Every structure is written in C-alpha cells, then in structure tokens.
Amino acid sequence: MKKIGFLFLCVLALLTGCEKEKKEELIMVTEAGFAPYEYYENGEIVGVDVAIGEEIAKALNKELVVKDVAFDFIINEVQSGKADFGAAGMSITEERQKEVDFTVEYTVSNQVVIVKKGSNIKDFSDISDQTIAVQLGTVADSYVQENYPNAKIVEHKKYLSAVEDVKSGKADLLVMDKLPAEEIVKQNTQLKILDGVLFQDRYGMIVKKGNKKLLNQINAVLEDLMEQGKIEDFVLQYSKEEAPTGFFAQISNKFYQTFIYQDRYLYFLEGLKSTVIMALAAAVLGFVLGTIVALIRDFSESTGKIKILKKICDIYVYVIRGTPTLLQLMILYYVIFRTSSISVFFVGILTFGINSGAYVAEIIRAGFDAVGKGQREAAKTLSLSYPKMMRYIIFPQAIQKVFPTLGNEAITLLKETSIAGYIGIVELIKASDIVSSSTYDYFFPLIVSAILYLLLTFLLSKGMHFIERRMEKYVQN
Amino acid sequence: MYKIRHLSKSFGKTKVLKDLNLDIEKEERIVIIGPSGSGKSTFLRCLNTLEKPTKGKIFYENTDLFSKKGKEKLKKIGMVFQSFNLFENLTVLENLTIAPIQNKRLTKQEAEKQARELLEKIHLKEKENVYPSALSGGQKQRVAILRSLLMKPEIMLFDEPTSALDAEMIDEVLNLMKEVAKEHMTMVVVTHELSFAKEVATRILFMDEGAIIEEGTPEELFNHPKTERLKAFLGKIGRL
C-alpha cells in the first residue's frame, strides 16, 4: 500500500509541477455565448468583457487567460481562487454580493422583451399572464418572478434554448439583455424586440470576497475606460453583421454558419478529440480501478482478511453510485483540487474514471459470482494460490461473462463525458454550445453533436462485439 | 495418515456432522455410503478444508489441516467432484498441466509430456486442445481424475464422481478409478455404486444423520448388516 501511495504522489507531483514559469497569468472566467460581451470567434473568446479584461491585464502587466465555464459556476470559480475575476455581463444583485465582491458598474444593461413577429403582445402591459422564458439565475429571472406573479415562468439553463421556446411557441416572450437580444433577432428573422426597455440593470465584474487589491486595480481601469468612452466603442466593435434573409439563403447559411464560417468545424473536431480521449482514458482508469476494487472485495470475502480495505471499497462504490456524476466533477474540481493547478482535462478524466470504476467494480463482482463456485473449489484442491486462481481461472471467465455489460458501461461513460463542458472542457456538447452561441441557432449544432455521438457509440459497440466474439472460443454454442 | 477427532459441522441450526472420529491408513480404500442428506459429502469436503468444521480437528500426518502448516499438506490431497469442475476457459491439456506448472512441481515440457501420456492411456489424446464444453460427461470426469493425479497426490477424495453422469458413461469413469486403485492409491469415495464398493473398497462406512452408523469390510456390511437403518438402506438401493 505504501508503494501505491508513493506512486500516486509522484504522479500528482508530475501533473501539477509541469507548468513552466512565464509572465504571470490573470485568469478571467466567463461563459462565452453572450455576444457582444463574450463569444467565440475564430476559435478565440472575444467581446466587450474580454477587451476590458485585456486592458486590466495590461495595467497589471500580466497575461490574460480567459476561461469558459457554465454561468452557474462562475461565482464558484472566483470563490475557489481558480480564476482571479469574473466578467460575464453579471448583474449586481444583493445575493451575489454576499458571495463575492463586485466592481463598480461598468455598463448599464437594458433588459428588453423578444416576441415572435405577429404576436398578440403589443407592449409591456400584455405580459403579465403570459408564458415567459428566461435564463436561470439571471437578473431577468428574478425581475419577472417579482413583477409578474400571474405569469408562467420557464427557466432555461441557456438563453439560446429559451430563444428556441419562443420560436416554437412554447413560450410567448423572452426577457433578456438588449445587446445579445439584437444579435438574436438579426439571426432569427421571425423574432422581434418590443419597443422600449422593460427595466434597467447594472453589470459589474466580480472578485473573491476580500480581495481589495485586485478590486481597486480593476475599478481604476474600468473608471478610466468609461471616462474615455472606450466601453461604448467596444460594444459597437463587437456587434455583428446582419444575417441573410430568404428561406434558401437561411438553410445554406445555417450550414455555412455552423461549419465553414470562421472554420467553426474545428470546434466539433476539438470536441470530438476531447470526448474520445477523455472517454478512452477514463475507461482504462475505470477498468483498472474497478478491477482492483472487485479483487479486494472478493479476496476479503473469501479469506476474511483486509476487512478495513474492503470497507473502504464498499464506501467508495456506495458513494459514487449514490451521487450524480456532475456533483462528483464539481467536488473534485472545486474542492479536492481547489488550489492545485492541475489541468481541467485531467480532472475530467479522473472524475469519469473514478465514477466508472464503481460501476465496473459491481459488474466484475457480478462476473465473479457468475463463475461457478466449483471452479474455485477445484482451484483450491489443486493448491492454486488466490492470485493464480484469479489470474488464470476466475478473472478470464468473469470478464467473458460480463463483457456485454462492460460494453454498456463504456457507452454510458462515453456519453457521460458530455457534462465536462460545465468546467470548461470543450467536448462535443460544449462544442455545439460554442457554435450555437455564435450562430444563434440551437438545434443544428446539437444535431451535429448527436450524429458524432452516434458514430462513436456505433464504432464502440462494433469493436466490443468483435472482441466478444473472439473471447467466446470456449463456449459451446 | 488421517486422524479425524470429534468432527462436528453445522449449517446454521442444522447439525450435519455429529462428533465423527475416524483414522485412515495408507493404501486404504474407503467407500462411504448412506442416504442423501446423511452428511457424506460434507464429511469428505471437510477432509480437504473446503468446509470448515464447527468443532473438532483433522490431522493429516499429524499436522492440523486448518493450521498454517496444513496448507502445504493439502497439496498431497487430490479431489474429484460430482460436477467435474474442469476449468472452462482452459483446454484439456491446460487443465491437466496448470496446477503442476504453477506449483512448480513440473516444468511446462515435463507436465505436458506426462499429461499426454495419461491422455493416451484413456484414449483422449486427440482431445488435448479442445475446451471442456466439447467433452461428454464421462470424458470430463476422466480428465478431472487425471488432473488430480498429475499433482501426484498421496490420497484422493471422490465426491459422488458418477452421480452426474448418464448411465452409459458411469463404467468408463469407474474403470479408471479401479485403475487408480490398482496403483495403490489411498482413496476415500462417496458413491451410490455398491458394486464398485464391493469390488474396490477395503473398508465401508455407512453414514446416516451425520454419524457413522456402521463400518467394516464389504463382506461384513453387505452380507451381514447389523443395524436396521443399514438394512433399510440396502433394501432401497437393491430395489433400484
């Protein structure tokens, strides 16, 4: 056991210590997909907030690194110190102020209403009893909750899916920031913005509570920029062109926009690569871990030794199977590796590997049970030691028996990696999110990702089937 | 060779073996008979530690089999099961050679040579590379006997070796066991094959309800049973 612990420490040291010293980094966290504040262009995150971030970095003589996570995780990133500051068009609210410190407001956000063209809603007085779509946790969300008690409110994780609700008629209107709203109606010609501003809101950037030094530094830069009128300039600079109109132009444009324009197909390739590597590495880790756990439990059960180790394994399996993977990902990333500079991709692999290991342990245990007791008795009477019995007799038979189930687990694991986008890994779902945040079209990129997943699972099940048939040599038909 | 003292075994509240005492000498061939549920198999399984006695001790060459040193002694005790228990993922040849090779009793070449010689004797040479699933029951049991023999045991335990076989295959297995007997192997056999018992056994134990009710030579037990229980048992078997 000591050896294993030592090995683990070595690996950890290698992984954390390999980053070279460069110009000091200033990490800004955001959710890219909120043009013109932050969005992807040519593979990079750009926008008003990023431009401001560059100015801040310049003032501090640091290098700006922009990190893209899910909106709900931004505060977490800043609190845990994984990022230095957050800039994501965040409204200054009392609740958030309890968690983090806000800078001065650097832009006023006008919240507007998007409806379908030809909608019955002519002005704000028609809203009160309609179905309203908002992005979860945004200022628009709390505003409509407070002001329209008779309305039905649909909270979406992403505002682009809220847009889809309005397009399809599931929701009557959408409340959101004016600037991205303008981008959206440019790309979706069946939508329009109601005249007027529903309410106004103030955006600020966030830093970790008590980080007065950075807060003052950022405030100084922001005030400077506002004085010079730079922020309005940025807004103009990052607002986009109009999309073509007409049916065919839209369809071919959809394809063009999703794949060709700004080489967006590269996002899908990167997503595909990340998904495959992450799933493969996690599958190997999960299999090794699951096998070790299954062996420890089996050894303990058949000899009555190492009971404490077995208890630990039992708890591991129980806890991992009893909690959602997303939670495990967050705990590993924000709690266990809170201060470590370990790569986020590695945390992804570790999470999915540890998660899969618990399931693999149960699958292999079922395999051990499926091998007749007589095989063990025969091995014992022939004086084969436990390791030899396992290696030559029980394990090969068990694996053969549960191979289809293991294949299932591999497919589940592959699909499970889709939550890695939450902590900023660009896998297939995140890739389609990035593209859709630029094209304002939610479904087409998602369908592309779906097809890629299907392709992967198809190849995986073919491969598993091939191995399965080769292993069946000793089973009589 | 074996000294069994005050052996008791319970599964939960059910007492399966009740205070058994027995000595087994070299080259004895003991056949244990008795109605099903009498504890014969459990007794046999205790002899090579597959079952742990609730009470009592089992000594092999004066070593307690359940002590640390006992493990070494177990190598000298072979076992043949009712359900054969050939390793399903290994070929016939691998089944025969794995134990001698892994226990470093023989080199791979030596083990394979001896295994092939034995297969030749039972006319299964051509089956050396097939998996057990392709063998008949009788063939499986004969391979299982050879597998045990290749560990060069001093004593062999047979747990109802023909009970799982179709009638036409019983003889091929019994004949091989007789061959083994001729080589002066010490044997303990649990079986319902009374003719085999008569022909081969040097001593017969009649067990019922977890105890040895009668013991003696085949002649004594079969021709002059003393207890009512044995008489009833022989009567039933005889009618079958």
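Residues numbered from 1 in each chain as written. Chains lettered and ligands numbered in written order. Predicted model: local features only at pLDDT ≥ 70, side-chain atom pairs only at ≥ 80, totals over all residues. Heavy atoms only, no water.

A. Spatial organisation of empty space enclosed by the protein. All names here are of chain A. Scanning the entire structure with this criterion turns up 5 cavities of 30 Å³ or more. In this structure, the largest cavity spans a volume of roughly 210 Å³. Of all elements in the fold, only β5 (85-91), β8 (131-135), α5 (139-147) and β10 (173-177) reach the threshold of two or more residues within the lining of the largest cavity. Considered class by class, the residues forming the lining of the largest cavity number 12 nonpolar, 5 polar and 3 charged. Shared between two domains, the lining of the largest cavity takes at least three residues from each, and those domains are domain 1 (23-106 + 203-237) and domain 2 (108-202). The calculated volume of the second largest cavity comes to roughly 130 Å³. In this structure, the second largest cavity is lined by 14 residues; those nearest its centre are Glu31, Ala32, Gly33, Lys158 and Ser437. Elements with a contribution of two residues or more to the lining of the second largest cavity: α6 (159-168) and α17 (428-439). Among the elements that line the lining of the second largest cavity, the one with the most residues is α17, at 5 residues. Taken together, the residues that form the lining of the second largest cavity break down as 5 nonpolar, 4 polar and 5 charged. (1 Å grid on protein atoms, 1.4 Å probe; cavity = no way out; pocket = protein on both sides within 12 Å on 5 of 7 lines; lining within 4 Å. Points joined across faces, edges and corners; volume = space filled by probe spheres on them. Helix = DSSP H or I, 4+ residues; strand = E, 2+ residues; numbered from the N terminus. Nonpolar A, V, L, I, M, F, W, Y, C, P; charged D, E, K, R; others polar. Domains from an automatic or database assignment.)

B. Main features of the interface of chain A and chain B. Opposite the 21 residues of chain A that make contact, chain B presents 26 residues. A buried area of about 2,100 Å², summed over both sides, lies between chain A and chain B, and 54% of it is on carbon and sulfur atoms. On the surface where chain A and chain B come into contact, there are 1 salt bridge. For A:Glu377, the salt bridge identified is with B:Arg45, shortest N-O distance 2.5 Å. Taken together, chain A and chain B are joined by 10 residue pairs in polar contact (both at pLDDT 80 or more). Looking at the side of chain A that touches chain B, the element that brings in the most residues is helix α15 (residues 373-381) of chain A, giving 8 residues. Per-class residue counts for the side of chain A that touches chain B are 9 nonpolar, 6 polar and 6 charged. (Contact = heavy atoms within 4.5 Å. Buried area = accessible area lost by both parts, 1.4 Å probe. Salt bridge = Lys/Arg side-chain N within 4 Å of Asp/Glu carboxyl O. Polar contact = N/O pair within 3.5 Å; in protein donor to acceptor, adjacent residues only side chain to side chain.)

C. Representation of the domain arrangement of chain A within the structure. Residue and element names in this part refer to chain A. According to the domain assignment, chain A contains domain 1 (23-106 + 203-237), domain 2 (108-202) and domain 3 (265-476). The distance between the C-alpha centroids of domain 1 and domain 3 comes to 37 Å. Facing the 18 residues of domain 1 at the interface are 16 residues of domain 3. Counting across the domain 1 and domain 3 interface gives 1 salt bridge.

D. Inspection of helix α4 (residues 108-121) of chain B at higher detail. When the terminal C-alpha atoms of α4(B) are compared, their 20 Å separation across 14 residues agrees well with the 20 Å that a helix rising 1.5 Å per residue should span. Residues of α4(B) that are buried in the fold lie against α3 (92-102) and α5 (137-149) of chain B. (Expected span 1.5 Å × (residues − 1).)

E. Structural detail: the environment of A:Gly353. Residues and elements named next belong to chain A. Looking at the element boundaries, Gly353 is found in helix α14 (residues 344-370). On the basis of relative accessibility, which here comes to 0%, the residue Gly353 falls in the buried class. Between the C-alpha atom of Gly353 and that of Leu285, which follows or precedes it by 68 residues, the distance is 5.0 Å. Look past the residues within four positions of Gly353 in its chain and what remains in contact with it is Ala282, Leu285, Gly286 and Leu289. (Buried < 20%, exposed > 50% of the residue type's maximum accessible area, 1.4 Å probe, protein only.)

F. The arrangement of the packing of helix α11 (residues 265-303) of chain A against helix α16 (residues 386-416) of chain A in detail. Residue and element names in this part refer to chain A. Contact geometry for α11 and α16: axes closest at 11 Å, N-to-C directions at 140°. Judged by the angle between their axes, α11 and α16 are oblique. At the point where α11 passes α16, the crossing takes the right-handed sense. Along its contact with α11, which presents Thr275, Ala279, Ala282, Ala283, Phe287, Thr291, Leu295, Asp298, Phe299 and Ser302, the element α16 presents Tyr386, Met390, Phe395, Ile399, Leu406, Leu413 and Leu414. The residue makeup of the contact of α11 with α16, split by class, is 13 nonpolar, 3 polar and 1 charged. (Axes fitted to C-alpha atoms, helices over the stretch in contact; angles between N-to-C directions. Parallel < 35°, antiparallel > 145°, perpendicular 65-115°, else oblique. Left-handed = near helix turned anticlockwise from the far one by under 90°.)

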